[in-house]
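A look at the structure
Listed below, chain by chain, are the residues.
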Amino acid sequence: MGNEVILRDIRSGLTGDRKQDAVYLLRQAVRCRDSGYGEAVVNEIGRMIFSLIPGVDDGNIF
């Protein structure tokens with residue numbers, strides 16, 4: 001299974017609730033890391049988690 005397919009599958013599980021999605025994405029990152037899907041997938045999941053922080057999209061976090 002390619003990285004894009006894996007990430008598309010993960011994105012389809014997002015609900016729009018920041019807290020719930022953060023927990024879901026963390027679990028998916030651990031699952032992908034343990035399954036050996038590759039660093040690129042885990043890094044992209046990390047970026048998705050970071051984007052859930054309020055103000056990140058607006059550039060107002062720091």
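Keep in mind that what you see is a predicted model, and the values were worked out from it rather than measured.

1. Quick notes on helix 2 (residues 18-35)
Since the α-helix advances by 3.6 residues per turn, residues separated by three or four positions end up pointing in the same direction. For helix 2, spanning 18 residues, the distance from its first C-alpha to its last is 25 Å, which sits close to the expected 26 Å at 1.5 Å a residue. The set of residues buried in helix 2 consists of Asp21, Leu25, Gln28, Ala29 and Cys32. With its buried residues spanning 105° around the axis, helix 2 presents them on a single face. Set apart from the buried face of helix 2 by more than 90 degrees, the exposed residues are Lys19, Leu26, Arg27 and Asp34. In this fold, the buried residues of helix 2 make contact with helix 1 (3-12) and helix 3 (39-51). Capping the start of helix 2, Asp17 holds a side-chain oxygen 3.3 Å from the backbone nitrogen of Lys19, two or three residues further along. Trailing helix 2 by a residue or two, Gly36 shows a phi angle of about 75°, which is positive.

2. Some thoughts on helix 3
Counted at 1.5 Å a residue, the expected span for helix 3 with its 13 residues is 18 Å, and the 18 Å between its end C-alpha atoms agrees. For helix 3, every residue scored as buried is listed here: Val41, Glu44, Ile45 and Met48. Here the buried residues of helix 3 occupy an arc of 100° about the axis, which is enough to place them on one side. Buried-residue contacts for helix 3 involve helix 1 and helix 2.

3. Side note on the pattern of salt bridges
Across all of its chains, the model carries three salt bridges by this definition. One salt bridge connects Asp34 with Arg33, and the closest N-O pair in it is separated by 3.0 Å. On the basis of relative accessibility, which here comes to 53%, the residue Arg33 falls in the exposed class. Note that Glu44 and Arg47 form a salt bridge whose closest N and O atoms lie 3.0 Å from each other. Taken together, the residues Glu44 and Arg47, both in helix 3 and three residues apart, mark about one turn of the helix. A network of salt bridges, in which partner residues are shared, links Arg11, Glu44 and Arg47.

About the thresholds
- Residues numbered from 1 in each chain as written.
- Predicted model: local features only at pLDDT ≥ 70, side-chain atom pairs only at ≥ 80, totals over all residues.
- Heavy atoms only, no water.
- Helix = DSSP H or I, 4+ residues; strand = E, 2+ residues; numbered from the N terminus.
- Expected span 1.5 Å × (residues − 1).
- Buried < 20%, exposed > 50% of the residue type's maximum accessible area, 1.4 Å probe, protein only.
- Arc of directions from axis to C-beta.
- Contact = heavy atoms within 4.5 Å.
- Polar contact = N/O pair within 3.5 Å; in protein donor to acceptor, adjacent residues only side chain to side chain.
- Salt bridge = Lys/Arg side-chain N within 4 Å of Asp/Glu carboxyl O.

Remember, this is a structural readout, not a statement about activity or role.
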